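Here is what each chain is made of, one letter per residue.
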Amino acid sequence: MSNTAQAASRVQSLRPVIRKLSPTAINRIAAGEVIERPSAALKELVENAIDAGATRIDVSIEHGGKSLIRVTDNGCGMDAGSLQLALERHATSKLEPDDAGDYDLLHIATMGFRGEALPSIGAVARLTLTSRAKGDEGWELSCAGGELDEVRPGAFPGHGTRVEVRDLFYATPARLKFLKSEMAETRAVSDTLKALAMARPDIAFSLEADGRKRFAFPAEPPGTEGHLNRLAAIMGREFGDNALPLDFERDGARLTGFAGVPTFNRGQPDRQYLFVNGRPVKDRLMVGAVRGAYADFLARDRHPLLAMFIDLPFDDVDVNVHPAKTEVRFRNAPSIRGLIVSGLRAALMEAGHRASTTVAASALSSIQPEPMDDETQNAPSFLPQPHRATVDRQFVQRPSQAGLAESQSAFAATAAPTSRIEQETAAPATSDHPLGAARAQLHETYIVAQTADGIVIVDQHAAHERLVYEEMKRHMAEGTVPRQRLLIPEVIDLPQEEAELISARTEELDALGLQIEAFGEGAILVREVPALFGQGDVVGLVKDIAADLANLDESTALKERLGDICGNMACRGSIRAGRRLTGEEMNHLLRQMEATPHSGQCNHGRPTYVELKLSDIERLFGRK
């Protein structure tokens, strides 16, 4: 054989051959996309139950879903013929052709539509379907590793469907190596079922894991209250107490749901849920939109809790993007982002000065009295020994005014706390104002106010910081920033690079109320500051702005960082801790808080006040 012939033979042997895959291989490949873990299989089965019109869905799993996943519903059920078709690849009841025989994949109103889930599960596990339609007998069909049995009669009470998946991935044992621990898989199954339950409060859901009931959510009545009850059952009772209702429309899309007040937050964004036309989805769009809406209220490392539901025409969203249907593509993504930001901001605006109830609960838990033991009961009194009195158990004599005055003077001699008490006659009626009337100032930092049914403790610096911040934002948005000229211009020394950055932005800073000019190398001169800045720390403010500018791109407009700059000004220009206030000043601060949106938290998401109800205080002292 010639060299040319040998080379041609070698090329022929190396050339790949195109082969048609068997149905079993096709289904196992599809299972790799759709059924990546037990929670993914559960999601497909529960979505089928929802599409079948079920009002109750019960789930049982064993060993994280690896050994068993059982989903039982009371939906419409299937007859023998439909049961056989259900395990055929790309057979579905969710899509109907039009008169021309075409299927519209942009107008999908059901949770499922691909027709891949059941045959994919049957290709990698031992699958048994038992179903009964109304007025029909029960039928059963099994499939193991892609091999179908014959349809046979099966027992099923009432109507609906029961799907049992045993030994998931037994036909593809390599996949088992990529699963996590049983505890992690159980948690994933629970999270998946809870997400579906959040979208359908009208359906009862339950989960049993290894014989132990994990949860059972009853069906809730229609309406906002029922939906919040379901969300609170899943996200925690505290979420229900601190949730703000959402209801906002734009460009044919509607945003509903609930969002937590800013002071009710977490260190991770793991309690943020988005549903599009009832379908739980993951979308980066939501993360950025939520951060933008809460930017004025939370530090960058804190995240709000929320559940948002977007309903829009089916033609405006493409759900056929990901095999597991966990991602969607919006036709007009900027409009949806604007919908989320505007809806959240509107809800936060309606909240006014409301703060999280967990703030008071945390305060109460930190001051719970310890039970008295013998050592505590025998502890010495706080009063000096000469002034201690012995009480006769048979007769208690009412102390005279002179004795009371003597005891008070003795108590006063033991300590000199930095607190002041305002005369009650100077305070307004407590019933007229939600934050009550100022009664005292503690440590020149905290204002104590009496309300109609409790007390309020206000952090004067944090509260005034929010008030100044909101006022500055309003003036800057209107382009009418009141200014005050410094009697003696402030000369500030900066590193050369930072001084140059500020000098290059003087026009933008002037629009924000800061008149700044270069003053030699490594120095700038401040002539005017916003009037609301008052007697604030000018040097600290300019240094903070210089640090912000160092992290900005040259093309980024300073107004895009308006919130950060206003926050710095408010922090530097607000009432400082340690400043003594008169009763009139304290009450004026309380009235401003009541009239200012978002005054329940400072610019960093910390609470500005704590409210303790009288009933809580009475429990602390054992009066209730």
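These numbers come from a predicted model, not from an experiment. (Residues numbered from 1 in each chain as written. Predicted model: local features only at pLDDT ≥ 70, side-chain atom pairs only at ≥ 80, totals over all residues. Heavy atoms only, no water.)

Student: Just checking my understanding: could you explain the overall build of the chain for this structure?
Tutor: Along its length, the chain carries 20 helices and 26 strands. Taking all 624 residues of the chain together, the buried fraction comes to 44%. The contacts of the chain with a sequence gap of at least 6 include a subset with a gap of at least 24, amounting to 70%. Here the chain displays about 33,300 Å² of accessible surface, and carbon together with sulfur accounts for 51% of that area. (Helix = DSSP H or I, 4+ residues; strand = E, 2+ residues; numbered from the N terminus. Buried < 20%, exposed > 50% of the residue type's maximum accessible area, 1.4 Å probe, protein only. Contact = heavy atoms within 4.5 Å. Areas by Shrake-Rupley, 256 points an atom, 1.4 Å probe, with all protein chains shown as cover.)

Student: I keep staring at the nonpolar core and nothing clicks. Help me out?
Tutor: For soluble globular proteins, nonpolar side chains are generally found buried alongside one another. Among the nonpolar cores identified, the biggest contains 89 residues, and Val-46, Ile-57, Met-308 and Leu-344 are the most heavily contacted of them. Broken down by element, this core gets its largest block of residues, eight residues, from helix H10 (residues 333-351). In this view, Met-308 contacts Leu-246, Leu-255, Thr-256, Tyr-273, Leu-274, Phe-275, Met-286, Val-290, Ile-340 and Leu-344; residues no more than four positions away in its chain are not counted. In terms of nonpolar packing, the next biggest core, distinct from the first, is built from 20 residues, Ala-499, Ile-502, Phe-533 and Ala-546 among them. (Core = buried A, V, L, I, M, F, W, Y, C linked by side-chain atoms within 4.5 Å.)

Student: Any chance you could explain the packing of helix H6 (residues 182-199) against helix H7 (residues 224-235) here in plain terms?
Tutor: To characterise two packed helices, one gives the angle between the axes of the helices and the distance between these axes. Interaxial distance between H6 and H7 falls to 9 Å at its minimum, and their mutual angle equals 165°. By the criterion of interaxial angle, the relationship of H6 to H7 is roughly antiparallel. With respect to the hand of their crossing, H6 and H7 are arranged in left-handed fashion. Mapping the contact onto sequence places Lys-194, Ala-197 and Met-198 in H6 and His-227, Arg-230, Leu-231, Ile-234 and Met-235 in H7. Grouping the constituent residues of the contact of H6 with H7 by class yields five nonpolar, one polar and two charged. (Axes fitted to C-alpha atoms, helices over the stretch in contact; angles between N-to-C directions. Parallel < 35°, antiparallel > 145°, perpendicular 65-115°, else oblique. Left-handed = near helix turned anticlockwise from the far one by under 90°. Nonpolar A, V, L, I, M, F, W, Y, C, P; charged D, E, K, R; others polar.)

Student: Where do I start with helix H19 (residues 583-595) in this structure?
Tutor: In an α-helix, one full turn covers 3.6 residues, which means residues spaced three or four apart are oriented alike. Taking 1.5 Å as the rise per residue, H19 with 13 residues should run 18 Å; its terminal C-alpha atoms sit 19 Å apart, in good agreement. Taken together, the buried positions of H19 are occupied by Gly-583, Met-586, Asn-587, Leu-589, Leu-590, Arg-591, Met-593 and Glu-594. (Expected span 1.5 Å × (residues − 1).)

Student: Honestly, the confidence of the model for the chain in this entry has me stumped. Any pointers?
Tutor: Close inspection of predicted coordinates is inappropriate for parts of the model with low pLDDT. Mean pLDDT over the chain stands at 79; residues scoring 70 or higher make up 73%. Per-element confidence in the chain is highest for strand E1 (residues 56-62), whose mean pLDDT is 97, and lowest for helix H13 (residues 401-414), whose mean pLDDT is 44. pLDDT under 50 marks residues 375-415. Its contacts with residues more than four places away, or in other chains, come to 10 contacts. (pLDDT = per-residue confidence, 0-100.)

Student: Explain the sheet that holds strand E25 (residues 523-530) here, please?
Tutor: Strand pairs in the sheet, formed through backbone hydrogen bonds, run parallel or antiparallel to each other. Read across the sheet, three strands follow the order E23-E25-E24 without closing on themselves; strand pairing throughout is antiparallel. A strand with exactly one partner marks an edge of an open sheet, and here the two such strands are strand E23 (483-493) and strand E24 (515-518). Mean inter-strand twist for the sheet, computed between neighbouring axes without regard to direction, equals 15°. In terms of strand pairing, E23 meets E25 through seven bridges, oriented antiparallel. Bridging from a neighbouring strand, Gln-484 pairs with Val-529 of E25. Lying on the sheet, helix H15 (residues 496-503) is in contact with E24 and E25; it crosses E25 at an angle near 45°. (Pairing = 2+ DSSP bridges.)

Student: Before we go on, may I ask you to explain the packing of aromatic side chains in this structure?
Tutor: Think of a pair of aromatic rings as described by two things: how far the centres are apart, and how the planes are tilted against each other in angle. Applying the stated criterion to the full structure yields two aromatic pairs. Considering the side-chain rings of Phe-215 and Phe-217, the 4.5 Å spacing of their centres and the 10° angle between planes classify their relative orientation as stacked. In this structure Phe-215 comes out as buried when scored by relative accessible area, which is 8%. Exposure remark for Phe-217: the relative accessible area of 8% places this residue in the buried category. The interplanar angle of 10° and the centroid separation of 4.5 Å between the aromatic rings of Phe-275 and Phe-309 together place this pair among those described as stacked. Of this pair, Phe-275 sits in strand E13 (residues 272-276) while Phe-309 sits in strand E16 (residues 306-311), and the two are 34 residues apart along the sequence. The ring of Tyr-170 carries the charged tip of Arg-126 above its face, separated from the ring centre by 3.9 Å. (Phe/Tyr/Trp six-rings, centres within 6.5 Å; stacked < 30°, edge-to-face > 60°. Lys NZ or Arg CZ within 6 Å of the ring centre and 35° of its normal.)

Student: I keep staring at the sheet that holds strand E11 (residues 253-260) and nothing clicks. Help me out?
Tutor: The five strands lie next to each other as E10-E11-E16-E13-E14, forming an open sheet whose pairing is mixed. One side of each edge strand has no neighbouring strand; the edge strands of this open sheet are strand E10 (243-250) and strand E14 (279-281). Within the sheet, the average angular offset between the axes of one strand and its neighbour, ignoring direction, is 20°. Relative to E16, E11 runs antiparallel, the two being bridged by six bridges. When the sheet's bridge partners are listed, Leu-255 is paired in E16 with Ile-310. Contacting E13, E14 and E16, H6 crosses the sheet at an angle of about 55° to E13.

Student: Would you take a moment to explain unusual backbone geometry for this structure?
Tutor: Most peptide bonds take the trans form, and the phi angle of most residues other than glycine is negative. Its identity is not glycine, yet His-63 carries a phi of approximately 55°, on the positive side. Tracing the sequence through the fold places His-63 in the loop between E1 and strand E2 (68-73). The partly exposed category is assigned to His-63, whose relative accessible area is 35%. Unlike most non-glycine residues, Asn-277 shows phi in positive territory, near 50°. With respect to the helices, strands and loops of the structure, Asn-277 is situated in the loop between E13 and E14. Its relative accessible area of 23% is what places Asn-277 among the partly exposed residues.

Student: Looking at this structure, how should I read the pairing of strand E4 (residues 138-144)?
Tutor: Within a regular beta strand, the side chains point alternately toward one face of the sheet and then the other, so they alternate between its two faces. For E4, the buried fraction is high: five of the seven residues fall into the buried class. Bridging between strand E3 (residues 126-132) and E4 involves seven bridges; their strand directions are antiparallel. For Thr-130, the partnering residue across the bridge sits in E4 and is Glu-140. Connecting E3 to the antiparallel partner E4 that follows it, the hairpin turn spans five residues, and Gly-135 within it adopts a positive phi of roughly 80°. Alignment of E4 against strand E6 (residues 152-153), held across two bridges, turns out to be antiparallel. Counterpart to Glu-140 in the pairing with E6 is Arg-152. By the bridge criterion, two bridges tie E4 to strand E5 (residues 147-148) in an arrangement that is antiparallel. Residue pairing across strands places Ala-144 opposite Glu-147, the latter belonging to E5. Linking two consecutive strands that pair antiparallel, namely E4 and E5, is a turn of two residues; a positive phi of about 60° is found at Gly-145 within it.

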